[in-house]
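Each chain, written out:
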Amino acid sequence: VTAPASFDNIPEDIADTEALNRRIHPDFVRPDGSVSSQAFTDTELSVDRAAYWDVSETLRGYHGYGAASIIASFARGLQQEVMADKLLLNPAHALVKGRKSKSIARALARSAIWEVELGGAPS
Amino acid sequence: MATLLRIIISSEKPGVPPGMVLLEDAGSLSSGLHDSLARLIQRQLGFPWRANLRQEAKRLARIALTGVAKGSGVLLYEGLPTPDVTGRHPSAIAAFDLVSGIRSYIDSHTWPAYLPPVVRNRMGSAVASALAEPDDVVKIEIEEDELRAECEIDPSVKDALQVPEAFAPDEPVEVVGKIVEMDKRNLSFKIEAASRTFTVEVNEWQFRKVDSELRWERVFVSGHPRDSKGKTVHNISGLRAATPDEEDGFNLTRELRRGEGSEAYQQVSTRVEKLLALNEGWDTYGAKVPGRRASFFALHFLRDAIGVLLDHGISVPTPFLVPTASGGVQLDWRIGPRELELEIPEKGRFEFLAVDGSSEVEGAASRWTAMRLLRWVITGETV
């Protein structure tokens, strides 16, 4: 369980090593359990910083979904800007900004690691 | 990179000096060759054989007559660059199918599924005037970079090419076309479809419906052929206004719906229904609901592609259909080292990512390229 998150104790800078969690809708998941590139196509891809926001929070209220993480440095290596985007109710919110070609979306999907598989979130 | 295509037709006739071809023969051979290739391309695009020849198919059949060789009666043709095609020339693929289909008949006396009567008949007519004598032969050679193929058409092969298509009375057919004549006394009406006229025999109730709702309209009719030529359709089971998406033409229902019996189509069809039930913002990040038009276009494209590939003995594995956040859908295949993501952002548009081991290509695709990519991901054949 990560430390309690607040505006004050979450740094603006996102370290290269930070894991970024993204909710995954069941329709993005292939029969073999891998995640489709279509889960990672948003120009402003919304993610939660795993070090400051427990994955159970990311999935709260989203029964049946899963959560997968990507690493900040990997996204940056794909010419994406990874930046904090604190929200009132989610100070650990961040964005992976940049145009995502199909190749980039596929690379992000392939790098994603399941943190909580589909339906694995606490109800 | 586009390939270089050359087609050579040799037709030597007694009494015609070397290096010359009679205009009537050259005209007939050239137009027959073009029509045959365009119709084969139309099929490769996933459209029915007997429907009107589409502009898209004609546009892809860009062949120029470049000369008559000195010393014999040889017509030389070359493929011209075709817009939106970066792989093999569509006419090359069609020409190799034409030649291999004829060779297959010469070897086995059976016509392959990929060379149907509508193409054979056209090619038969094209060579007829050049094959007046029993010893006359028309030779067709195809060259595409390092690939070569050839066949010889003699009068017996020409006769086989010209055998008209015969329809079985129990074979369901579908006609789409415009009503041009009504005959109340005989309870029938005539439809013009793809440059042919068909008579449709109906019952009294159906005639009243046509008279009151469909008179002079484009209609869809399903029934059975009364004769082997298929000029009259009776036992009508379906009769309604044609939709804008339905092409004029006369088709066998089993050919049109061939892909629908496949596992791939049925699974994707079920999934389309499921995806259409999603709500706005379904991915929790503001995704749009998959559009009906894009979803059904993808499904029908898949059905048509399955039908085309079955003509060549290739079965299509079930793709993973995934909704896109922008309201489209994407078909994914992973076969060995090859992967294809074929996205349909909206009806009629394709975007793709093709992965082969460590190499990747992506971009917008025409329907032709989408079909070729699908064949590539399944077989590894050059696009």
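Reading the values: rules and limits
- Residues numbered from 1 in each chain as written.
- Chains lettered and ligands numbered in written order.
- Predicted model: local features only at pLDDT ≥ 70, side-chain atom pairs only at ≥ 80, totals over all residues.
- Heavy atoms only, no water.
- Helix = DSSP H or I, 4+ residues; strand = E, 2+ residues; numbered from the N terminus.
- Buried < 20%, exposed > 50% of the residue type's maximum accessible area, 1.4 Å probe, protein only.
- Pairing = 2+ DSSP bridges.
- Axes fitted to C-alpha atoms, helices over the stretch in contact; angles between N-to-C directions.
- Core = buried A, V, L, I, M, F, W, Y, C linked by side-chain atoms within 4.5 Å.
- Contact = heavy atoms within 4.5 Å.
- Buried area = accessible area lost by both parts, 1.4 Å probe.
- Salt bridge = Lys/Arg side-chain N within 4 Å of Asp/Glu carboxyl O.
- Polar contact = N/O pair within 3.5 Å; in protein donor to acceptor, adjacent residues only side chain to side chain.
- Parallel < 35°, antiparallel > 145°, perpendicular 65-115°, else oblique.
- Left-handed = near helix turned anticlockwise from the far one by under 90°.
- Phe/Tyr/Trp six-rings, centres within 6.5 Å; stacked < 30°, edge-to-face > 60°.
- Lys NZ or Arg CZ within 6 Å of the ring centre and 35° of its normal.
- pLDDT = per-residue confidence, 0-100.

(A) Main features of the environment of Ala51(A). Residue and element names in this part refer to chain A. Looking at the element boundaries, Ala51 is found in the loop between β2 (44-49) and α1 (55-58). Ala51 gets classed as partly exposed once you look at its relative accessible area, which sits at 40%. Sequence separation between Ala51 and Ser101 is 50 residues, and the spatial gap between their C-alpha atoms is 28 Å.

(B) How the structure looks around the sheet that holds strand β5 (residues 93-97) of chain A. Residues and elements named next belong to chain A. Reading across the sheet, the six strands line up as β4-β5-β2-β1-β3-β6 and stay open at both edges, with antiparallel pairing between neighbours. The sheet terminates laterally at β4 (81-84) and β6 (113-116), the two strands that pair on one side only. Strand-to-strand twist in this sheet, taken as the mean axis angle between neighbours without regard to direction, amounts to 40°. In this structure, β2 lies alongside β5, joined through five bridges in antiparallel fashion. Residue Glu44 lies in a different strand from β5, and its bridge partner there is Lys97.

(C) Structural detail: unusual backbone geometry. All names here are of chain B. Despite not being glycine, Ala194 has its phi angle at roughly 50°, a positive value. Note on placement: Ala194 falls in the loop between β7 (188-193) and β8 (196-201). Residue Ala194 is classed as buried on the basis of its relative accessible area, which comes to 19%. Even without glycine at this site, Asn235 takes up a positive phi of about 50°. By secondary structure assignment, the location of Asn235 is in strand β10 (residues 232-241).

(D) How the structure looks around the nonpolar core. Ranked by internal contacts, the top residues of the largest apolar core, which has 66 residues, are Phe40(A), Trp333(B) and Leu342(B). Considering every element that reaches this core, the biggest residue donor is helix α9 (residues 292-311) of chain B, with nine residues. Among all residues touching Leu342(B), those that are not within four sequence positions of it are Phe301(B), Val329(B), Gln330(B), Leu331(B), Trp333(B), Phe350(B), Glu351(B), Phe352(B) and Ala370(B). The next biggest cluster of nonpolar side chains, apart from the first, holds 47 residues, and it includes Ile41(B), Leu53(B), Val138(B) and Leu161(B).

(E) Summary view of the interface of chain A and chain B. At the junction of the two partners, chain A supplies 23 residues and chain B supplies 25 residues. For the pairing of chain A and chain B, the buried interface totals around 2,100 Å² over both sides, and the portion due to carbon and sulfur atoms is 45%. The three residues of chain A that bury the most area against chain B are Asp27(A), Lys102(A) and Arg106(A), which together make up 34% of that side's buried surface. Applying the counting criterion to the chain A and chain B interface returns eight salt bridges. With its nearest N and O atoms 3.1 Å apart, the salt bridge here joins Asp27(A) to Arg271(B). Inspection of the chain A/chain B interface yields 20 residue pairs in polar contact (both at pLDDT 80 or more).

(F) Just the environment of Glu150(B), in detail. All names here are of chain B. By the element assignment, Glu150 lies in strand β5 (residues 147-153). Residue classification places Glu150 among the partly exposed positions, given a relative accessible area of 33%. Placed 142 residues apart in sequence, Glu150 and Ile8 show a C-alpha to C-alpha distance of 9.1 Å. Not counting residues within four places of it along the chain, the set of residues in contact with Glu150 comprises Val99, Arg103, Lys139, Ile140 and Glu141.

(G) Highlighting the packing of α9(B) against helix α10 (residues 367-379) of chain B. Residue and element names in this part refer to chain B. At a minimum axis distance of 11 Å, the contact between α9 and α10 shows a crossing angle of 60°. One finds that α9 runs oblique with respect to α10. Note that α9 runs across α10; the crossing there is right-handed. Only Arg367, Ala370, Met371, Leu374, Arg375 and Ile378 of α10 make contact with α9, whose side of the interface consists of Phe297, Phe301, Asp304, Ala305 and Leu309.

(H) Broad picture of the sheet that holds strand β1 (residues 5-11) of chain B. All names here are of chain B. With respect to topology, five strands assemble into an open sheet ordered β2-β3-β1-β4-β5, the strand pairing being antiparallel. The open sheet has two free edges, formed respectively by β2 (63-69) and β5, since each of these has just one partner strand. Pairs of neighbouring strands in the sheet enclose a mean axial angle of 15°, with direction left out of account. Note that β2 and strand β3 (residues 74-79) share six bridges and pair antiparallel. Counterpart to Ala64 in the pairing with β3 is Glu78.

(I) Region of the structure containing the pairing of strand β16 (residues 359-365) of chain B. Residue and element names in this part refer to chain B. In terms of strand pairing, strand β15 (residues 350-356) meets β16 through seven bridges, oriented antiparallel. Looking at the pairing, Leu353 lines up with Glu362 of β16. Once β15 ends, the chain turns through two residues before running back antiparallel as β16, passing Gly357 with a positive phi of about 65°.

(J) Quick look at the packing of aromatic side chains. Using the criterion set out here, one finds seven aromatic pairs over all chains in the structure. Through a chain of ring-to-ring contacts, three or more aromatic side chains come together here, namely Phe167(B), Phe198(B) and Phe250(B). Lying over the aromatic face of Tyr285(B), Arg22(A) brings its terminal NZ or CZ to 3.7 Å of the ring centre. When the ring centre of Phe220(B) is taken as origin, the NZ or CZ atom of Arg240(B), which lies over that ring, is 4.1 Å away.

(K) Expanded view of the side chain of Thr324(B). Locating Thr324(B) in the fold gives a position in the loop between β12 (320-323) and β13 (329-335). Those residues in contact with Thr324(B) that lie beyond four places of it in its chain are Gln38(A), Trp282(B), Lys288(B), Val329(B), Gln330(B) and Glu343(B).

(L) Main features of the pattern of salt bridges. Counted according to the given criterion, the structure contains 40 salt bridges over all chains. A salt bridge links Asp32(A) to Arg334(B); the shortest N-O distance between them is 3.3 Å. In this pair, Asp32(A) sits in the loop between β1 (19-24) and β2 while Arg334(B) sits in strand β13, so the two residues belong to two different chains. In this structure, the salt-bridge partner of Arg303(B) is Asp304(B), at a minimum N-O distance of 3.2 Å. In terms of burial, Arg303(B) and Asp304(B) fall into one category: buried. Because the salt bridges share partners, they merge into one network encompassing Arg6(B), Glu78(B), Glu141(B), Glu143(B) and Arg148(B).

(M) Inspection of the confidence of the model for chain B at higher detail. A residue-level look at chain B finds 98% of positions with pLDDT of 70 or above and a mean pLDDT of 93. Interface confidence in the predicted complex, given as ipTM, is 0.92; pTM for the same model is 0.90.

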